[in-house]
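Here is what each chain is made of, one letter per residue.
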Amino acid sequence: MTTMTTYNFNPGPSPLPKEVLDHVQKNMFNFEQSGMGLMELSHRSALYEQVHNQTISDLKDILRVPDDFSILLLQGGASLQFSMIALNFLGDDQKAAYVMTGSWSEKAKKEADFYGETYVLATTKENQYKSIPDVPLQDIQNNTAYLHFTSNNTIFGTQIRSFPDADVPVIVDMSSDILSKPVDWNTVDLAYAGAQKNAGMSGVTVVIIRNSLLEKASDKVSPSLSYKQHAKSNSLYNTPPTAAIYMTGLVCDWIKQNGAIEGMTERASHKAGLLYDEIDGSDGFYTGHAETEARSFMNVTFNLPTEELEKKFLAQAKEKGFVGLNGHRSVGGCRASIYNAVPVSHVEALVSFMKAFRSDNQ
């Protein structure tokens with residue numbers, strides 16, 4: 001019996017590299033011939049400690065993180081960071097500035113509102129977040145504790161290419177494009193990312209923080225929510241998500257074997273280019289949501305001429321094995337999430353389907 005290929009374009013959790021899954025099947029459940037699965041090991045054991053520290057080392061190596069930064073492996077998803085950032089850095093007499101580029105930046109600000117004063121420095125909400133706003137650094141208010149960005153916007157399909165050299169700490173949610181392109185650490189003071197899109201499986205959140213900013217974190221935060229405490233404990237203050245961290249380490253190995261960060265950047269550009277070329281060359285049959293200069297290399301969002309055609313497109317795509325192409329309910333349309341582990345061949349298959357569907361329905 002022939003098994004139909006599944007093409008996973010889910011926005012997250014997203015595909016893991018086949019090589020990683022194959023390795024896990026062979027090694028995770030009898031780790032290093034210990035007779036125990038990786039998830040059964042004590043997080044204080046020498047076997048797990050090696051996994052933990054090597055994962056941190058590999059993240060530092062791939063992203064070229066300077067020595068004056070600390071890397072933390074935390075729980076609670078990137079959403080918990082919305083609150084932790086404010087708890088640790090937003091003082092009673094301070095404000096936090098947010099650049100609004102989509103739903104996740106809205107949620108980040110909303111959670112920070114519970115702990116202090118925030119304001120919107122720039123937004124493109126008025127044009128349905130189709131573009132990235134210019135950031136007026138001259139309008140940063142006095143006593144601003146930090147400036148927050150979301151680097152890639154999964155729902156609207158936009159991406160920030162670089163961050164301004166601000167006079168206040170710059171904090172960036174990189175959940176959906178970490179490990180896909182280099183980071184200029186001269187312009188970023190804290191980056192955080194849920195792992196389940198480009199860095200592994202759900203359960204672990206990577207936080208990379210400049211030590212000079214870490215020193216300024218509040219001492220009036222409970223230990224479990226304190227960056228200082230987690231840094232002091234090497235992210236072992238409580239039991240970490242050991243299996244998820246192991247998976248992140250394996251993904252790091254895969255990235256190193258596939259051209260490191262430069263390889264991921266080239267891979268992302270190539271896959272996105274295939275899709276955008278079809279959209280742009282379709283004579284308006286497919287229409288991209290994001291403005292051209294703001295397009296994401298991770299999430300390609302597009303519409304068809306009518307809602308009826310979109311439903312037909314999605315139904316036929318599902319029959320062909322394409323998974324996760326529905327646009328977010330807040331914007332509709334279609335979305336192909338093409339994170340690092342999505343094979344080029346799967347994107348090529350999607351483009352072929354798009355061409356055939358256009359030919360049959362134009």
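As the structure is a prediction and not an experimental result, all values here were calculated from the model.

Peer 1: I would appreciate a short explanation of the packing of aromatic side chains in the present structure.
Peer 2: Two measures describe an aromatic ring pair: the distance that separates the ring centres and the angle between the ring planes. Overall, the coordinates contain 18 aromatic pairs when judged by the stated rule. The interplanar angle of 85° and the centroid separation of 5.4 Å between the aromatic rings of Phe31 and Tyr246 together place this pair among those described as edge-to-face. In this pair, Phe31 sits in the loop between α1 (18–27) and α2 (46–63) while Tyr246 sits in helix α7 (residues 242–257), placing the two residues 215 residues apart along the sequence. Each of the two residues, Phe31 as well as Tyr246, counts as buried. An aromatic cluster is defined as three or more aromatic residues linked by ring pairs; in this entry it consists of Tyr7, Phe9, Phe285, Tyr286, Phe302, Phe313, Phe322, Phe353 and Phe357.

Peer 1: Even after reading the chapter, I still don't get the sheet that holds strand β12 (residues 299–303), so can you show me in this structure?
Peer 2: As summarised here, the arrangement of the three strands in space is β11-β12-β14, forming an open sheet in which the pairing is antiparallel. Each having just a single partner strand, β11 (287–288) and β14 (334–337) make up the two edges of the open sheet. Taken together, the two bridges between β11 and β12 define a ladder with antiparallel strand orientation. In the sheet register, Gly288 faces β12, and the bridge partner there is Phe302.

Peer 1: How do you make sense of the sheet that holds strand β5 (residues 144–150) when you look at a structure like this?
Peer 2: Sheet strands line up and pair through hydrogen bonds in the backbone, either parallel or antiparallel. Taken together, the seven strands give an open sheet; going across it, the order is β2-β10-β9-β8-β5-β3-β4, and neighbouring strands pair in mixed fashion. In this open sheet, the two strands that pair with only one neighbour each are β2 (69–74) and β4 (117–123). Averaged over all neighbouring strand pairs, the angle between strand axes comes to 20°, with direction disregarded. Against the sheet, α2 touches β2 and β10 (205–210), its axis set at about 130° to β2. Along the sheet, helix α4 (residues 103–112) makes contact with β3 (95–100), β4 and β5, crossing β3 at roughly 165°.

Peer 1: Help me understand the packing of α7 against helix α8 (residues 260–280) in this model?
Peer 2: Helices that pack against each other are described as a pair by the angle of their axes relative to one another and the distance between those axes. Viewed as axis vectors pointing N to C, α7 and α8 meet at an angle of 80°, and their least axial separation amounts to 7 Å. Here α8 runs roughly perpendicular to α7, going by the angle between their axes. Across the interface between the two elements, Trp254, Ile255 and Lys256 from α7 touch Ala260, Ile261, Met264 and Arg267 from α8. Along the lines of polarity and charge, the residues of the contact of α7 with α8 split into five nonpolar, no polar and two charged.

Peer 1: In this structure, what is going on with the pattern of salt bridges? I would like to understand it.
Peer 2: Side-chain pairs of opposite charge can arise whenever the charged atoms involved come near each other. Applying the stated criterion across every chain, the model contains 15 salt bridges. The salt bridge partner of Glu278 is Arg358, with a shortest N-O separation of 3.0 Å. Of this pair, Glu278 sits in helix α8 while Arg358 is found in helix α10 (residues 344–361), placing the two residues 80 residues apart along the sequence. Each member of the pair Glu278 and Arg358 is classed as buried. A salt bridge links Asp280 to Arg295; the shortest N-O distance between them is 2.7 Å. Of this pair, Asp280 sits in helix α8 while Arg295 is found in the loop between β11 and β12, placing the two residues 15 residues apart along the sequence. Arg295 gets classed as buried once you look at its relative accessible area, which sits at 8%. Via salt bridges that share partners, Asp58, Asp61 and Lys256 belong to a single interconnected network.

Peer 1: Looking at this structure, I do not really get the side chain of Asn299. What am I missing?
Peer 2: Following the sequence through the fold, Asn299 ends up in strand β12. The class for Asn299 is buried, based on a relative accessible area of 0%. Looking at Asn299, its side chain comes within polar contact range of the side chain of Tyr339, at 3.0 Å. In this view, Asn299 contacts Asn152, Asn153, Thr154, Gly157, Tyr276, Arg335, Ala336, Ser337 and Tyr339; residues no more than four positions away in its chain are not counted.

Peer 1: Would you take a moment to explain the pairing of strand β8 (residues 170–173) for this structure?
Peer 2: Two faces make up the sheet, and in a regular strand the side chains alternate between them. Burial along β8 is two-sided: Val170 and Val172 and Ile171 and Asp173, pointing in opposite directions, are all buried. Examined bridge by bridge, β5 and β8 share four bridges and lie parallel to one another. Residue pairing in the sheet places Thr150 in a bridge with Asp173 of β8. Of the pairings in the sheet, the one linking β8 to strand β9 (residues 190–194) comprises three bridges and is parallel in character. Residue pairing for β9: Ile171 is matched across the bridge by Leu190.

Peer 1: What is the right way to look at the nonpolar core in this model?
Peer 2: One broad trend across soluble globular proteins is that nonpolar side chains are buried collectively. Within the largest apolar cluster, 57 residues are counted, with the highest numbers of intra-cluster contacts made by Leu63, Leu147, Met174 and Trp185. Of the residues forming this core, the biggest block, 10 residues, is contributed by α7. When sequence neighbours within four positions are dropped, the list of residues in contact with Trp185 reads Leu63, Arg64, Val65, Pro66, Phe69, Ala191, Ile208 and Arg210.

Peer 1: When you look at the environment of Asp177 in this model, what are you seeing that I'm missing?
Peer 2: When you line up the elements, Asp177 lands in the loop between β8 and β9. Residues Asp177 and Ala199 lie 22 residues apart in sequence; the distance between their C-alpha atoms is 9.3 Å. In contact with Asp177, other than residues within four places in its own chain, are Ser151, Asn152, Gln159, Asn198 and Met298.

Peer 1: How should the environment of Leu80 be read in this particular structure?
Peer 2: Among the secondary structure elements, Leu80 is positioned in helix α3 (residues 77–89). For Leu80, a relative accessible area of 30% corresponds to the partly exposed category. For Leu80 and Ala108, which are 28 residues apart along the polypeptide, the C-alpha to C-alpha distance reads 9.2 Å. Excluding its chain neighbours within four sequence positions, the residues that come into contact with Leu80 are Gln75 and Leu225.

Reading the values: the criteria
Residues numbered from 1 in each chain as written. Predicted model: local features only at pLDDT ≥ 70, side-chain atom pairs only at ≥ 80, totals over all residues. Heavy atoms only, no water. Phe/Tyr/Trp six-rings, centres within 6.5 Å; stacked < 30°, edge-to-face > 60°. Helix = DSSP H or I, 4+ residues; strand = E, 2+ residues; numbered from the N terminus. Buried < 20%, exposed > 50% of the residue type's maximum accessible area, 1.4 Å probe, protein only. Pairing = 2+ DSSP bridges. Axes fitted to C-alpha atoms, helices over the stretch in contact; angles between N-to-C directions. Contact = heavy atoms within 4.5 Å. Parallel < 35°, antiparallel > 145°, perpendicular 65-115°, else oblique. Nonpolar A, V, L, I, M, F, W, Y, C, P; charged D, E, K, R; others polar. Salt bridge = Lys/Arg side-chain N within 4 Å of Asp/Glu carboxyl O. Polar contact = N/O pair within 3.5 Å; in protein donor to acceptor, adjacent residues only side chain to side chain. Core = buried A, V, L, I, M, F, W, Y, C linked by side-chain atoms within 4.5 Å.

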